[in-house]
Amino acid sequence: MVNVLLVHHSPSAATAQIAEAAESGLRMPELGDIDVTIRPALEASVADVLAADAYVLGTTANFGYISGALKHFFDTTYDAVREPTAGRPFSYWIHGGYDTTGAETAMKQITTGLGWKLVFDPLIFTGEVTEEHLEKATELAATVAATPS
């Protein structure tokens, strides 16, 4: 059985839609036996990360950076999970109002430091959440779940 951890910060209805679309991708029947753990970024723990085989992350872009909640997640888990989780598959989404550049840079730097393996191009966009964005979030999560670590 594959255990996928979905960690997100979704403070608005729009970003909650993205998280729900990702969750639906993780729960696709054709993926088989997938154990899904969903945690708001402020509640995710070292134990959650260590127990997972793959990761889906989601954040808003706030003031040009990842959300404080997702930054807190990385700050509180990084040292304990870096070595034991290296090489595990992941992908992520970033939704911003105007600019996602700093958030993109942060995600690349942090996940490179963790040694995680990007298995699906991140979903990064600004503005209104469309059906196309939701479909990509579903595909992103399903691909992560289907990729062996």
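Residues numbered from 1 in each chain as written. Predicted model: local features only at pLDDT ≥ 70, side-chain atom pairs only at ≥ 80, totals over all residues. Heavy atoms only, no water.

### Re the packing of helix α3 (residues 68-81) against helix α4 (residues 101-114)
What counts is decided by this rule: Axes here refer to lines fitted to C-alpha atoms; in helices the fit is confined to the stretch in contact. Angles between the N-to-C directions go from 0 to 180 degrees. Labels follow the DSSP assignment, with helices taken as runs of H or I lasting at least four residues and strands as runs of E lasting at least two, numbered in each case from the N terminus. An angle counts as roughly parallel when it lies under 35 degrees, as roughly antiparallel when it exceeds 145, as roughly perpendicular when it falls between 65 and 115, and as oblique in every other case. Each helix crossing is assigned a hand: it is left-handed if the near helix lies turned anticlockwise from the far helix by less than a right angle, otherwise right-handed if that turn is clockwise. In what follows, residue pairs with any heavy atoms lying within 4.5 Å of each other are defined as contacts. Three classes are used: nonpolar for Ala, Val, Leu, Ile, Met, Phe, Trp, Tyr, Cys and Pro, charged for Asp, Glu, Lys and Arg, and polar for all others, with Gly counted as polar.
One can describe the packing of α3 onto α4 by two numbers: an axis separation of 11 Å at closest approach and a directional angle of 20 degrees. The angle between α3 and α4 places the two elements in the roughly parallel class. Between α3 and α4 the crossing geometry is left-handed. Between α3, through L70, F74, Y78 and V81, and α4, the contact on the second element is made entirely by M107, I110, G113 and L114. Classifying every residue of the contact of α3 with α4 by side-chain character gives seven nonpolar, one polar and no charged.

### Examining the packing of aromatic side chains
Under the convention used in this document: Geometry of aromatic contacts follows a simple scheme: Phe, Tyr and Trp rings, the Trp one being its six-membered ring, pair when their centres are within 6.5 Å, and the pair is stacked under 30 degrees between planes, edge-to-face over 60, tilted otherwise. For every residue, the accessible area obtained with a 1.4 Å probe (protein chains only) is divided by the maximum for its type, and the residue is called buried under 20%, exposed over 50%, and partly exposed between those limits.
In the structure shown here, the tally under the stated rule is four aromatic pairs. Judged by centre distance (5.2 Å) and plane angle (50 degrees), the rings of F73 and F74 are tilted. Residues F73 and F74 agree in their burial class; the two are buried. Residues F90 and Y92 carry aromatic rings whose centres are separated by 6.0 Å and whose planes lie at 15 degrees to one another, so their mutual orientation is stacked. The class for Y92 is buried, based on a relative accessible area of 2%. Aromatic ring contacts, followed pair by pair, group Y55, F90, Y92 and W116 into a single cluster.

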